[in-house]
Amino acid sequence: MDLPIVVGVDGSEPSLRAVDWAADEAVLRGTPLRLVYASLWERYEGAALAQDLGKPSEQVRAQDIVETAALRAHRRRTDLRISTEALPEEAEYALVRASRSAFLLVTGSRGRSGITEALLGSVSLTVAGHAHCPMVVVRGSHDNKVRPGAYGRVVVGVTESSTTPAAVRFASDEARRRGAVLDAVRAWRCPAHETTDHPPLAGEPARMHEQQAVEVLEKALHDVPADIETRRRAVEGNTRHVLTDASHGADLLVIGAERHHRHFGLQLGRVAHGVLHHSACPVAIVPERE
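(A) Geometry of the nonpolar core. Among the nonpolar cores identified, the biggest contains 46 residues, and V7, V9, L33, V106, V156, L182 and V254 are the most heavily contacted of them. Considering every element that reaches this core, the biggest residue donor is helix 1 (residues 13-29), with seven residues. Judged by nonpolar contacts, the second largest core, of 35 residues, contains L95, L105, V155 and V283.

(B) Representation of the pairing of strand 1 (residues 5-8). Covered by surrounding structure in strand 1 are I5 and V7 together with V6 and G8, the residues of both alternating faces. Where strand 1 and strand 2 (residues 33-38) come together, four bridges link them in parallel fashion. When the bridges of strand 2 are listed, V6 appears paired with R34. Once you follow strand 1 into helix 1 and on to strand 2, the crossover reads as right-handed. The sheet contact formed by strand 1 and strand 4 (residues 104-108) spans three bridges and is parallel.

(C) Highlighting the pattern of salt bridges. This structure, assessed with the given rule, holds 15 salt bridges. The residue R178 makes a salt bridge to E174 at a minimum N-O spacing of 2.9 Å. Pair noted here: R178 and E174 are both in helix 6 (residues 166-178), with a separation of four residues, about one helical turn. When sorted by exposure, R178 lands in the same class as E174, which is buried. Members of the salt-bridge network, linked through shared partners, are E25, R29, E174 and R178.

Rules used throughout
Residues numbered from 1 in each chain as written. Predicted model: local features only at pLDDT ≥ 70, side-chain atom pairs only at ≥ 80, totals over all residues. Heavy atoms only, no water. Core = buried A, V, L, I, M, F, W, Y, C linked by side-chain atoms within 4.5 Å. Buried < 20%, exposed > 50% of the residue type's maximum accessible area, 1.4 Å probe, protein only. Helix = DSSP H or I, 4+ residues; strand = E, 2+ residues; numbered from the N terminus. Pairing = 2+ DSSP bridges. Right-handed = clockwise from strand over helix to strand, strands pointing away. Salt bridge = Lys/Arg side-chain N within 4 Å of Asp/Glu carboxyl O.

By themselves, these observations are geometric and do not establish any function.
This is the structure:
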């Protein structure tokens, strides 16, 4: 049974861009596309139409949203298998539950209530912290267009915990399908006290930390297939800033996110949180289980 790519839709332009991106991804993978709309709040929209049809206004609104999204996906990719679902519940709960039986979950950067796309919408941010499968938040392309494979480059952020690199595996699979370069990036910093205690030796601690970053990269990429072109970059700087800079000129930025089964709060770390808010390209959050 093929697990679908699930897209959260709400009628907004960012969510329709997410449909475009997911449609391209579904064709790349040969998987079905499932469009999900969930809401408890649109009680009074479409009331006149609902009265004419003898249906609740929310049902009319939901049908219009999923049908519009399905038409857009079909126009972009006529060979897609598409299903739709409208659910009378909170979007966050519906999408997290849908992620249990999805290969990939996709959302836009903001919903219909968003004033600006400079920051991430609350639904996407909440779901990103709890999704059971990899999740992609479609950022960038603020001209309302999604261009598949525009740059031929997939970036993956490599961390100390990447000894069991679900994020690296996901990124290498994406690079292979797209025929893209896998650009593995590890940020490093030299603590200030190590460079000030012995000024004549200031360069030695920096070289040591850079070398450690290189070793982490090599370990994380050890099992990447040889047929995938891979670049390794150890970059000095704050991790959030380094990865945000790397997102420019990339088709996808992939980062791992640890999942703690007994923890009920928001499970995104500062790096993932910052990258989701400021990346210049779509961001994939890949769960790294304890």
